[in-house]
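Secondary and tertiary structure notes
Each chain, letter by letter, is given below.
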Amino acid sequence: MANLADHKTDVAPTATLTPALGLEGVVVAETQLSMVDGLAGRLEIAGHSVQELASSMATEEVADLLWRVGSGAHHPAIRAQLGAARVTAHRNVRHLGDALGQPDAMDALRASIAHVAAEADEQRTAVALTASVAVFAAHASWKRRGLKLVEPDPALSHAEDYLRMLRGAPARPEEALALQRYWATVVDHGMNASTFAARVVASTASDLVSAITAALGALKGPLHGGAPGPVLEMLNAIADPERARAWLEASLARGERIMGMGHRVYRVRDPRAEVLEGAVKSLFPLSGSSSAAPLLGEKLELARRVEQEAAQLLSVRHPDRPLSANVEFYTAVLLDALGIAAEDFTPTFAAGRVIGWCAHVMEQRRTGRLIRPTSTYRRPQQGQA
Ligand code: COA
């Protein structure tokens, strides 16, 4: 019989252990996929700075890069594979039952992605999932509005086709490029909550579809990927830069968190915020056209002023805990400028992050171990249980 004292897990009494709530600073994996330096404000993805990735790589190339790191396999024909997989995903919509009709966009996406068949070939499943997230997110959006679904065009790039499907009109090259830059900034980001969720599921030897379904559930939360919608609401409610301070003060006085501010890892401004500001500026020439939001320059000015005021107010409240803008702040401005509805912001985030999740699942399979932490048991008081 095993000697309990030999075990370091919770078969031994753990009441004396201090729980690492939030797992802050706990290293749970070794990865080659990305590194977040929260003090220097630096993000490196598979050997490239986020700035480099966002300025020079198409989404298809980023997927090839990350999946090669995750699995060792190269995908030279990935653009065509993703195009074909979008068509297949579109055909599969008829098998989804009521999944796409759920009122919440992330509920619809999670329920529909759960229907994707996990193939033995995990590379093919990764392509199918990446295509399906884009197609189902777009379809769910049309379904919510009671309109007809837009068919994918396999000849287009993933970003062009996503914007086309979501908005029902072709994307201009600048818009597709801006979306690619956005997806490059969010494709992978260390051991964030949704990536960890995916790796936990993968570590049980479960399938890739289950892992991605779990990740979608984690991403939905407003403390993770659900923040950009509320950021846009906040910017729209403030509307005038001169009202920013009073609005933020009132919100903080009510005990609310300022959405788009603060980060578990960054102690300086999130480097992705600057990349996204650049992507917003790249749309200035389109400002006032049908698809780009009018007066984009003014919107960006408003966002900057709100960020500045929020950072100042938060530094007074939390002098020891720097709270700066995170990726979601300018995501809201950019996706709004691309004509994407606020309820589709988090599904659009998922359409980029799914590439990173798949890479992590592949890496977990190669290098990981069953993830099974422990907990400190506190016996309930009499009458409490
Ligand atoms: N607005 C106001 N106060 C904030 C804040 C925000 N955005 N972010 C953190 N704080 C406060 C907390 O209330 C806490 O105060 P307390 O010590 O008086 O209780 C303190 O700062 C430390 O925060 P903590 O909860 O320990 O930070 P965390 O690492 O757990 O949280 C986030 C990180 C991202 C969840 C948090 O900053 C947040 O909720 N931000 C808003 C949501 C958001 O933008 N999410 C997207 C993340 S990419």
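Everything here concerns the structure above.
The following refers to the structure shown. (Residues numbered from 1 in each chain as written. Predicted model: local features only at pLDDT ≥ 70, side-chain atom pairs only at ≥ 80, totals over all residues. Heavy atoms only, no water.)

1. Remarks on the site of the ligand
Taken together, 19 residues are adjacent to the ligand, and Arg257, Ile258, Gly260, Met261 and Arg264 come closest. Contact distances for the ligand include 2.8 Å between a nitrogen atom and a backbone N or O atom of Met261. Considered on its own, the ligand offers 860 Å² of accessible surface; in the complex 73% of this is hidden by protein. Taken together, the residues of the shell around the ligand break down into 9 nonpolar, 6 polar and 4 charged. (Near = heavy atom within 4 Å. Polar contact = N/O pair within 3.5 Å; in protein donor to acceptor, adjacent residues only side chain to side chain. Areas by Shrake-Rupley, 256 points an atom, 1.4 Å probe, with all protein chains shown as cover. Nonpolar A, V, L, I, M, F, W, Y, C, P; charged D, E, K, R; others polar.)

2. Quick look at helix H2 (residues 59-71)
Given 3.6 residues per helical turn, the α-helix brings residues three or four places apart onto the same face. Here H2 contains 13 residues, and its C-alpha end-to-end distance of 18 Å stays within 8% of the 18 Å for a straight helix at 1.5 Å per residue. Looking only at H2, the buried set comprises Thr59, Glu60, Val62, Ala63, Asp64, Leu65, Leu66, Trp67, Val69 and Gly70. (Helix = DSSP H or I, 4+ residues; strand = E, 2+ residues; numbered from the N terminus. Expected span 1.5 Å × (residues − 1). Buried < 20%, exposed > 50% of the residue type's maximum accessible area, 1.4 Å probe, protein only.)

3. So, the sheet that holds strand S3 (residues 48-49)
Pairing in this open sheet of 3 strands is antiparallel, and the strands run S1-S2-S3 from one edge to the other. In this open sheet, the two strands that pair with only one neighbour each are strand S1 (34-37) and S3. Of the pairings in the sheet, the one linking S1 to strand S2 (residues 42-45) comprises 4 bridges and is antiparallel in character. Within the sheet, the bridge partner assigned to Met35 lies in S2 and is Glu44. (Pairing = 2+ DSSP bridges.)

4. Describing the nonpolar core
Ranked by size, the top nonpolar core spans 113 residues in total, and within it Leu66, Trp67, Phe136 and Phe329 carry the most contacts. When neighbours within four sequence positions are excluded, Leu66 is seen to be in contact with Leu33, Ile45, Ala46, Val187, Asp188, Ile355, Gly356 and Ala359. (Core = buried A, V, L, I, M, F, W, Y, C linked by side-chain atoms within 4.5 Å. Contact = heavy atoms within 4.5 Å.)

5. What to know about the environment of Pro373
With respect to the secondary-structure elements, Pro373 resides in the segment after helix H15 (345-367). Classification of Pro373 by relative accessible area gives exposed; the value is 53%. Distance in space between the C-alpha atoms of Pro373 and Val28 is 9.7 Å, their sequence separation being 345 residues.

6. Considering the packing of helix H10 (residues 228-238) against helix H14 (residues 327-337)
As a packed pair, H10 and H14 sit with axes 8 Å apart at the nearest point and diverge in direction by 75 degrees. Our classification of the angle between H10 and H14 gives roughly perpendicular. Of the residues in H14, those touching H10 at Pro228, Val231, Leu232, Met234 and Leu235 are Glu328, Phe329, Thr331, Ala332, Val333 and Asp336. Counted by class, the contact of H10 with H14 contains 8 nonpolar, 1 polar and 2 charged residues. (Axes fitted to C-alpha atoms, helices over the stretch in contact; angles between N-to-C directions. Parallel < 35°, antiparallel > 145°, perpendicular 65-115°, else oblique.)

7. A few points about the side chain of His158
The residue His158 is located in helix H6 (residues 158-167) in this model. There is a polar contact of 3.0 Å between the side chain of His158 and the side chain of Arg86.

8. Concerning unusual backbone geometry
Positive phi outside glycine occurs at Ala46, with the angle close to 45 degrees. Note that Ala46 resides in the loop between S2 and S3. Residue Ala46 is classed as buried on the basis of its relative accessible area of 15%. Non-glycine residue Ala205 carries a positive phi angle of around 70 degrees.

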